[in-house]
Amino acid sequence: MIEASHLCKNYPIKNHNNPFRKDRQLRCAVDDISFTVSPGELVGYIGPNGAGKSTTIKMLTGILLPDGGMVRVDGIDPFYQRKQNCRKIGVLFGQRSQLWWHLRLDDTYRLLKHLYEIPDEQYRKRLSVLREMLELDSFWDQPVRQLSLGQRMRGELAAALLHSPSYLYLDEPTVGMDVLVKERIRELLKELNRQDGVTILLTTHDLEDVERLCSRVMVINHGKLLYDGTMAQLRSRCTADATVTIDIQGEPTIIDGLRNFRQKGNQITFSLNRRLGEGQLLAQIVGCNHVRDITIQEPPIEEVVRDLYQRSGEEEQR
Amino acid sequence: MRIRNRGCWLAGRIVWFFQLCAMTLSMCWRGYISYKGWSALVHGIGLIIGYLGEYVVLYTMITNFPGVGGFTALEICFLYAMGLVAYALGNLHTREFWRMDELVLRGKLDLFLVRPVSPLLQLFVQDIQVGYLSHLVLGIGSMMLIKGMIGLSWDLAHWALFFFSLLAGGILMGGISLLTTPLTFWWGRSDAVTRFVRGGMRQTLQYPVTIYPKFIQRLLYIIPYAFVCYYPCLYLLEKDTSPLAVLYPFYTLLAGVITNLAFYLFWRLGLRRYNSAGG
């Protein structure tokens, strides 16, 4: 179980006009964040650039010492009990490689085997599983510098998983990848989570990642946790509009108060917002027409999150 | 029984450590030759020319230098060669720290912090400078030669303490080379200070401490260059014949332990301020 309570991290800002002055201004990167992640969960951690995602991950993994609050991973303090913690966690930084650039994947893996002191038998088994799962065989004999981004990321993932960690932290694992490769990585993560029961926490900009993968999502902006819950609940909290399209038999009967109303033959389209109590309108229009088909398109997840960010910004200004 | 278990455990750790060194060495070497065959060759030639340069300096000193501070020219050369050996031994493992700003400001240190082995140990073995072993051969060879020319006759204790002094000097020199690098955690850079301490002040090794002005002498005790080879040489070259002189090589070891410990604590303190990079 990952427990974070009242986590804070400040970065000092240098005064650029006069680097010698010592008025220490602090930028708050993470501000009083608390959550727990239970074993077996697959959690998405999202937020705009500079929101504090990576900083949080770095505190959870024991890279950074929190300025306030505490982190426990299975009761272990990741900063002060680093070695114990590191045996249980795997970390992948999308923007930073731990593979030896001029050598084959195999070389890095053997070094990691030695560092983690993985027994021979277990290493052989684990490696053959990972080779198959991540399809490493096609580029097994090439030096890392010749691999494509997608191939390299699979290699990185295998490196992070070699010691069979029970917690996997991924910092922007799909950054810079094309659609197909992204899809492949998502599948793999799902499989890992389902089959091996690995607890996964991933940060991303790509909301599709979260939508396709995560049972739970945490949204952060300006260092504050805005939302922690399921995807469906996140949508229902949203003030953005859903789009309703209705196919009607015969001439449509229109009622007042429909926003963004469009008619195209027998098909009508309008916006609907449940938070404004507009569900009534839908009932009315269904009541006075012979409806053939209804589709309600929920607002795209980008919209939902943008809405959340905007509201957090407004609250801050107040 | 318990002590024996402890012993086995320690032996296991040491074997593990040397295996690790062998692995990273082989990886560095294969990475190095994998794509730059020609430049590796040119680099090798450059190194040989560099070492020949050291010979030229030694030769020039022996033939032209009258001696200073109670040391003859030959004895100065002995000091010089000993400094060379200590420097080479002490910097086998410090290469990664020359790029401290990259580690700290670019957040490369992150990768070493998520593995179950001390990040310091990983950095030590990351880029071992085998090339320095040639300094070692050169230095010890010269010292043997000079010893013959001076006409010293050493007993067993002298020989034992000679090798002990080289080792202790290496440990001390390693500590000195690393001592200022954690400043990067506070300042963002430390290469200027480190270059002064590891490179600039190193020049003081080749002369007896007594020839320097008082304030520099004091500095040589604070950053304990005085103990790297001057003190052991007082004993080895029989400059100080009091019975207590036999302790001088142990001063070197003591200074080495203290310096390395200071570095370690300084590093630990710095790591708490580590901010990594990126949002």
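Fair warning: this is a prediction, and the values are worked out from it, not measured in the lab. (Residues numbered from 1 in each chain as written. Chains lettered and ligands numbered in written order. Predicted model: local features only at pLDDT ≥ 70, side-chain atom pairs only at ≥ 80, totals over all residues.)

1. Quick look at the overall build of chain A
- Helix and strand content of chain A: 10 helices and 13 strands.
- Taken over the C-alpha atoms alone, chain A extends approximately 75 × 55 × 40 Å along its principal axes.
- When burial is assessed residue by residue, chain A has 34% of its 318 residues classed as buried.
- Within chain A, residue pairs in contact and separated by at least 24 positions form 71% of the contacts whose partners lie at least 6 positions apart. (Helix = DSSP H or I, 4+ residues; strand = E, 2+ residues; numbered from the N terminus. Buried ≥ 20, exposed ≤ 12 C-beta atoms within 10 Å, placed from the backbone. Contact = placed C-beta atoms within 7 Å.)

2. Overview of the overall build of chain B
- Counting secondary structure elements, chain B contains 13 helices and 0 strands.
- Its helices and strands taken in sequence order, chain B reads α-α-α-α-α-α-α-α-α-α-α-α-α from the N to the C terminus.
- Its C-alpha atoms give chain B a radius of gyration of 20 Å, within 12% of the compact-globule value 19 Å for 279 residues.
- Viewed in the frame of its principal axes, chain B has a C-alpha envelope of about 60 × 55 × 45 Å.
- Going through the 279 residues of chain B one by one, you find that 34% of them count as buried.
- Intrachain contacts of chain B at a sequence separation of at least 6 include 73% that bridge at least 24 residues. (Rg over C-alpha atoms; globule rule 2.2 N^0.38 Å.)

3. Quick look at the nonpolar core
- In this structure, Tyr169(A), Leu79(B), Ala81(B), Met82(B) and Ala86(B) are the most contacted members of the largest nonpolar core, which totals 119 residues.
- Top element by residues in this core is helix H3 (residues 73-90) of chain B. It accounts for 13 residues.
- With sequence-adjacent residues up to four places away left out, Ala81(B) is seen in contact with Gly139(B), Ser142(B), Met143(B) and Ile146(B).
- With 5 residues, the next largest nonpolar core counts Val244(A), Ile248(A), Phe270(A) and Ile285(A) among its residues. (Core = buried A, V, L, I, M, F, W, Y, C linked by C-beta atoms within 7 Å.)

4. Overview of the sheet that holds strand S6 (residues 167-171) of chain A
All names here are of chain A.
- Ordered by their spatial adjacency, 6 strands build an open sheet running S5-S6-S7-S3-S8-S9, and the pairing between neighbours is mixed. Among the strands making up the open sheet, the edge pair consists of strand S5 (89-93) and strand S9 (224-229). When strand polarity is set aside, the average angle formed by the axes of neighbouring strands in this sheet is 15 degrees.
- Relative to S6, S5 runs parallel, the two being bridged by 5 bridges. Considered in S6, the bridge of Leu 92 is made with Leu 170.
- Lying on the sheet, helix H5 (residues 149-161) is in contact with S5 and S6; it crosses S5 at an angle near 160 degrees. (Pairing = 2+ DSSP bridges. Axes fitted to C-alpha atoms, helices over the stretch in contact; angles between N-to-C directions.)

5. Brief notes about unusual backbone geometry
All names here are of chain A.
- Positive phi, normally seen in glycine, also occurs at Glu 172, with a value near 50 degrees.
- Positive phi is not limited to glycine here, since Asn 260 has a value of about 50 degrees.
- Position of Asn 260 relative to the elements: it lies in strand S11 (residues 259-264).
- Judged by local crowding, Asn 260 falls into the exposed class, with 11 C-beta atoms found within 10 Å.

6. Observations concerning the pairing of strand S12 (residues 267-272) of chain A
All names here are of chain A.
- Where strand S10 (residues 242-248) lies against S12, 6 bridges are found, and the strand directions are antiparallel. Residue Asp 247 lies in a different strand from S12, and its bridge partner there is Gln 267.
- Pairing of S11 with S12 involves 4 bridges; the strand directions are antiparallel. Bridging across to S12, Lys 264 finds its partner in Gln 267.
- Hairpin connection, S11 to S12: the antiparallel pair is bridged by 2 residues, and Gly 265 has positive phi, about 65 degrees.

7. Structural notes on the interface of chain B and chain A
- If you look at the interface, chain B gives 21 residues, while chain A gives 29 residues.
- Counting residues per element, the ones that place at least two in the side of chain B that touches chain A are helix H1 (2-35) and helix H5 (109-113) of chain B.

8. A few points about the confidence of the model for chain B
- Of the residues in chain B, 97% have a pLDDT of 70 or more, and the chain-wide mean is 88.
- Predicted complex metrics record ipTM = 0.83 and pTM = 0.84. (pLDDT = per-residue confidence, 0-100.)

9. Brief notes about the sheet that holds strand S13 (residues 291-297) of chain A
Residues and elements named next belong to chain A.
- Spatially, 4 strands are ordered S11-S12-S10-S13 in an open sheet, and the strand pairing comes out antiparallel. Where the open sheet ends on each side, the last strands, each with one partner, are S11 and S13. Taking the axes of each pair of neighbouring strands and ignoring which way they run, one obtains an average angle of 15 degrees across the sheet.

10. Considerations on the confidence of the model for chain A
- Taken residue by residue, chain A gives an average pLDDT of 87. The fraction at 70 or more is 95%.
- Per-element confidence in chain A is highest for helix H3 (residues 105-116) of chain A, whose mean pLDDT is 95, and lowest for helix H10 (residues 301-317) of chain A, whose mean pLDDT is 73.

11. Description of the environment of Met82(B)
- Relative to the helices and strands, Met82(B) is located in helix H3.
- C-alpha of Met82(B) to C-alpha of Tyr225(B): the two residues are 143 residues apart in sequence and 12 Å apart in space.

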